[in-house]
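Take a look at the letters that make up each chain.
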Amino acid sequence: EYIFVEGDIPIALVAHMDTVFKAPPEEIFFDPVKNVMWSPDGLGADDRAGIFAIVQIIRSGLKPHVIFTTDEEIGGFGASKLAELDCPFKDLKYVIELDRRGSNDCVFYDCENPKFTEYVESFGFEYNFGSYTDICEFCPSWKIAGVNLSIGYRDEHSASEVLFVGR
């Protein structure tokens, strides 16, 4: 239902391992004019893009806590199971989920922490609204502030989904 790994930075990065597509795409295309990736099979950038970004962050030498969940697309069952545990990270300050469409949205899902909101917005993100993602499950039970940030896809859950590259 989930994987978590302790790091040495007091934040947790979150992404979900499932997509709405039953199988990985067989063909992926890059349009250099529009600077997007896409697939006629459905790209699944929601949330393959989040997984990729977290892996790249780790490869850069940073070591945040990491949480990968399952079944977000069908109700957040992995995150619900994780929420049943006490927070597994002793020094956790906040949670960042990389699972939002667009390029500069920040969504807080009932997180009443104005200083945290202001801090996230200071990086150029704009406050927006969302319906659900994994942090809705475990952030309240762990009493920790969390945000869902844009990771660069558009038209998620459809065959016309694209991922903007280099944003």
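Residues numbered from 1 in each chain as written. Predicted model: local features only at pLDDT ≥ 70, side-chain atom pairs only at ≥ 80, totals over all residues. Heavy atoms only, no water.

Looking at unusual backbone geometry
Thinking step 1. Here the bond from Asp-46 into Asp-47 is cis, since omega is 20 degrees, no more than 30 degrees from zero.
Thinking step 2. Of note, Tyr-109 is a non-glycine position whose phi angle comes to about 45 degrees, a positive value.
Thinking step 3. With respect to the helices and strands, the residue Tyr-109 is situated in the loop between strand S7 (105–107) and helix H3 (114–121).
Thinking step 4. The class for Tyr-109 is buried, based on a relative accessible area of 17%.
Thinking step 5. In this structure, Asp-155 is a non-glycine residue whose phi angle is positive, near 60 degrees.
Thinking step 6. Of note, Asp-155 is situated in the loop between strand S10 (153–154) and strand S11 (162–164).
Thinking step 7. For Asp-155, a relative accessible area of 34% puts it in the partly exposed group. (Helix = DSSP H or I, 4+ residues; strand = E, 2+ residues; numbered from the N terminus. Buried < 20%, exposed > 50% of the residue type's maximum accessible area, 1.4 Å probe, protein only.)

Overview of the side chain of Arg-100
Thinking step 1. Counting through the fold element by element, Arg-100 comes out in strand S6 (residues 94–100).
Thinking step 2. Accessibility expressed as a relative area gives 8% for Arg-100, which makes it buried.
Thinking step 3. Polar contacts involving the side chain of Arg-100 include one to the side chain of Asp-105, which spans 3.1 Å.
Thinking step 4. Discounting chain neighbours no more than four positions away, the residues touching Arg-100 are Asp-105, Val-107, Asn-128, Phe-129, Gly-130, Asn-148, Leu-149, Ser-150, Ile-151, Gly-152 and Tyr-153. (Polar contact = N/O pair within 3.5 Å; in protein donor to acceptor, adjacent residues only side chain to side chain. Contact = heavy atoms within 4.5 Å.)

Re the layout of surface pockets
Where empty space is left can be seen by rolling a probe of water-molecule size over the atoms.
Thinking step 1. One number sums up the size of the largest pocket: a volume of about 740 Å³.
Thinking step 2. Around the largest pocket, the lining is made up of 33 residues, and of these Ala-53, Ile-57, Leu-98, Ser-150 and Ile-151 lie nearest the centre.
Thinking step 3. At 6 residues, the largest contribution of residues to the lining of the largest pocket is made by helix H1 (residues 45–59).
Thinking step 4. Here the lining of the largest pocket is built from residues that sort into 26 nonpolar, 5 polar and 2 charged.
Thinking step 5. Lining the second largest pocket are 15 residues, and of these Asp-46, Arg-101, Ser-131, Tyr-132 and His-157 lie nearest its centre.
Thinking step 6. Per-class residue counts for the lining of the second largest pocket are 3 nonpolar, 5 polar and 7 charged. (1 Å grid on protein atoms, 1.4 Å probe; cavity = no way out; pocket = protein on both sides within 12 Å on 5 of 7 lines; lining within 4 Å. Points joined across faces, edges and corners; volume = space filled by probe spheres on them. Nonpolar A, V, L, I, M, F, W, Y, C, P; charged D, E, K, R; others polar.)

Section: the sheet that holds strand S5 (residues 64–69)
Thinking step 1. Read from one edge to the other, the open sheet built from 7 strands follows the order S1-S5-S2-S6-S9-S7-S8, with strand pairing classed as mixed. Bordering the open sheet on either side are strand S1 (2–5) and strand S8 (126–127), each of which pairs with just one other strand.
Thinking step 2. Direction of pairing for S7 relative to strand S9 (residues 145–150): antiparallel, over a ladder of 2 bridges. Opposite Val-107, over in S9, you have Asn-148 as the bridge partner.
Thinking step 3. Set on the sheet, H3 makes contact with S6, S7, S8 and S9; between it and S9 the angle comes to about 25 degrees. (Pairing = 2+ DSSP bridges. Axes fitted to C-alpha atoms, helices over the stretch in contact; angles between N-to-C directions.)

Section: H1
Each turn of an α-helix holds 3.6 residues, which means side chains three or four residues apart point in the same direction.
Thinking step 1. Between the first and last C-alpha of H1 there are 20 Å, a value that for 15 residues agrees with the 21 Å anticipated at 1.5 Å per step.
Thinking step 2. Every buried residue of H1 is listed here: Ala-45, Asp-46, Asp-47, Ala-49, Gly-50, Ala-53 and Ile-54. When H1 is viewed along its axis, its buried side chains cluster within an angular range of 155 degrees and face the same direction. Residues Phe-52 and Arg-59 are exposed on H1 and point more than 90 degrees away from its buried face.
Thinking step 3. At its buried positions, H1 is contacted by strand S2 (9–16), S5, S6, S10 and S11.
Thinking step 4. Directly after H1, the chain includes Gly-61, whose backbone phi takes a positive value near 110 degrees. (Expected span 1.5 Å × (residues − 1). Arc of directions from axis to C-beta.)

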